[in-house]
Amino acid sequence: TDALLLGRAMAAFVEGGMDEVAKVYLVLPEDAPRKPTSVQIKAFEANGFWSDAAKKGAEFWAKIEADGREPLSDTQITMIKDMGRALAADPAASVVMSGMPEVTMAYQDEATGLWVLARPDNISFDGSATDYKKMNTMGGSFTHGLVDQRITLHGYDMQMALAAEAMERLTGEWPGIVGIVAQWDRAPYHVILREILEEDLRIAQFRNHRALRRFAEC
């Protein structure tokens, strides 16, 4: 979906700016020709050549497919840049996301023997772990309550409990600050920081362990 695509693009932007986005995504011009229609494709298969009406689009999209990167339009790129500027302008968000981006942490669960991976968007060895989430309010208000609802609905507490447990196992310390950096995907792209308390993370950790046992049993 467009929402997932833009969410991944924003995560890449947070990690390394437009240079990181360009590693995964290809910018499409606004005047990009349309893809050939099913009728035009059938005519090509029958005749062995593209019609004049379909040739420009066919050649353009053949190059896009050969490139391998997922395409983004100029409009989507502009939105990513605007959201990035709003994120950088938020002092609190800048502080909590100033650590090491996209660090993969791994440990072996003793009870099941399974390997567990955690890769939050940002960690700091001073004791923090955060993950960035772009949020669509579906026409509603962007509030702390909505962010809390999404944390519960999508299991972000379990995701961050994996990160907190990984940091505890690998550094010997449970991180002091764990949370979500949420950003509204509509202008002016407000940012809300929501800490997940250790008590809630420990409950989520229990649910993670229960899921590991179930996975091992299956």
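Here's what I pulled together on the structure shown here. (Residues numbered from 1 in each chain as written. Predicted model: local features only at pLDDT ≥ 70, side-chain atom pairs only at ≥ 80, totals over all residues. Heavy atoms only, no water.)

**So, the overall build of the protein**
Moving on, step 1. Within the protein, the regular secondary structure consists of eight helices and nine strands.
Moving on, step 2. Taking the principal axes of the C-alpha coordinates as reference, the protein spans close to 65 × 45 × 30 Å.
Moving on, step 3. Here the protein holds 218 residues, and the buried ones make up 41% of them.
Moving on, step 4. For the protein, restricting intrachain contacts to residue pairs at least 6 apart in sequence, the fraction spanning at least 24 positions comes to 65%.
Moving on, step 5. Summed over all atoms, the accessible surface of the protein reaches about 12,700 Å², with 54% contributed by carbon and sulfur. (Helix = DSSP H or I, 4+ residues; strand = E, 2+ residues; numbered from the N terminus. Buried < 20%, exposed > 50% of the residue type's maximum accessible area, 1.4 Å probe, protein only. Contact = heavy atoms within 4.5 Å. Areas by Shrake-Rupley, 256 points an atom, 1.4 Å probe, with all protein chains shown as cover.)

**Notes on the sheet that holds strand 7 (residues 128-135)**
Moving on, step 1. Sheet architecture is open: five strands sit in the order 3-6-7-8-9, paired in mixed fashion. Of all strands in the sheet, those with a lone pairing partner are strand 3 (100-101) and strand 9 (191-195), marking the two edges.
Moving on, step 2. The strands that helix 7 (residues 156-171) touches are strand 6 (122-124), strand 7 and strand 8 (177-184); relative to strand 7, the one it contacts most, it runs at about 155 degrees. (Pairing = 2+ DSSP bridges. Axes fitted to C-alpha atoms, helices over the stretch in contact; angles between N-to-C directions.)

**Some points on the pairing of strand 7**
Moving on, step 1. Of all eight residues in strand 7, eight are buried, a share of seventy percent or more.
Moving on, step 2. Here three bridges tie strand 6 to strand 7, and the two strands are oriented antiparallel to one another. By the bridge assignment, Ser124 is partnered in strand 7 with Ser128.

**Focus on the packing of helix 1 (residues 2-24) against helix 4 (residues 74-88)**
Moving on, step 1. Relative to each other, helix 1 and helix 4 sit at 65 degrees, their axes nearing to 10 Å. The interaxial crossing formed by helix 1 with helix 4 has right-handed handedness. Contact residues: Asp2, Leu5, Leu6, Ala9, Met10, Phe13, Val14, Met18 and Val21 in helix 1; Gln76, Ile77, Met79, Ile80, Lys81, Met83, Gly84 and Leu87 in helix 4.
Moving on, step 2. Of the residues in the contact of helix 1 with helix 4, the class split is 13 nonpolar, two polar and two charged. (Left-handed = near helix turned anticlockwise from the far one by under 90°. Nonpolar A, V, L, I, M, F, W, Y, C, P; charged D, E, K, R; others polar.)

**Comments concerning the packing of helix 7 against helix 8 (residues 198-217)**
Moving on, step 1. Between helix 7 and helix 8, the shortest axis-to-axis distance is 8 Å and the interhelical angle comes to 90 degrees. Our classification of the angle between helix 7 and helix 8 gives roughly perpendicular. Along its contact with helix 7, which presents Asp157, Met158, Met160, Ala161, Leu162, Glu165 and Glu168, the element helix 8 presents Leu201, Arg202, Ala204, Gln205, Arg207, Asn208 and His209.
Moving on, step 2. Per-class residue counts for the contact of helix 7 with helix 8 are six nonpolar, three polar and five charged. (Parallel < 35°, antiparallel > 145°, perpendicular 65-115°, else oblique.)

**Here we look at helix 2 (residues 38-47)**
Moving on, step 1. For helix 2, the buried fraction is low: zero of the 10 residues fall into the buried class.
Moving on, step 2. Just past helix 2, the residue Gly48 takes up positive phi, approximately 85 degrees.

**Some remarks on the pattern of salt bridges**
Moving on, step 1. All chains considered together, the criterion is met by 15 salt bridges.
Moving on, step 2. Of the charged contacts, one joins Glu110 and Arg169 as a salt bridge, the two residues approaching to 3.1 Å between their closest N and O atoms. Linking Glu110 in the loop between strand 4 (105-108) and strand 5 (115-118) with Arg169 in helix 7, this pair joins segments that are 59 residues apart in sequence.
Moving on, step 3. With a relative accessible area of 62%, Glu110 lands in the exposed category.
Moving on, step 4. Ionic pairing is found between Asp157 and Arg207, a salt bridge with its closest N-O pair at 3.5 Å. Here Asp157 is found in helix 7, whereas its partner Arg207 is found in helix 8, with 50 residues between them in sequence.
Moving on, step 5. Residues joined in a network through salt bridges with shared partners are Glu110, Glu165 and Arg169. (Salt bridge = Lys/Arg side-chain N within 4 Å of Asp/Glu carboxyl O.)

Bear in mind that shape data such as this cannot, by itself, settle questions of function.
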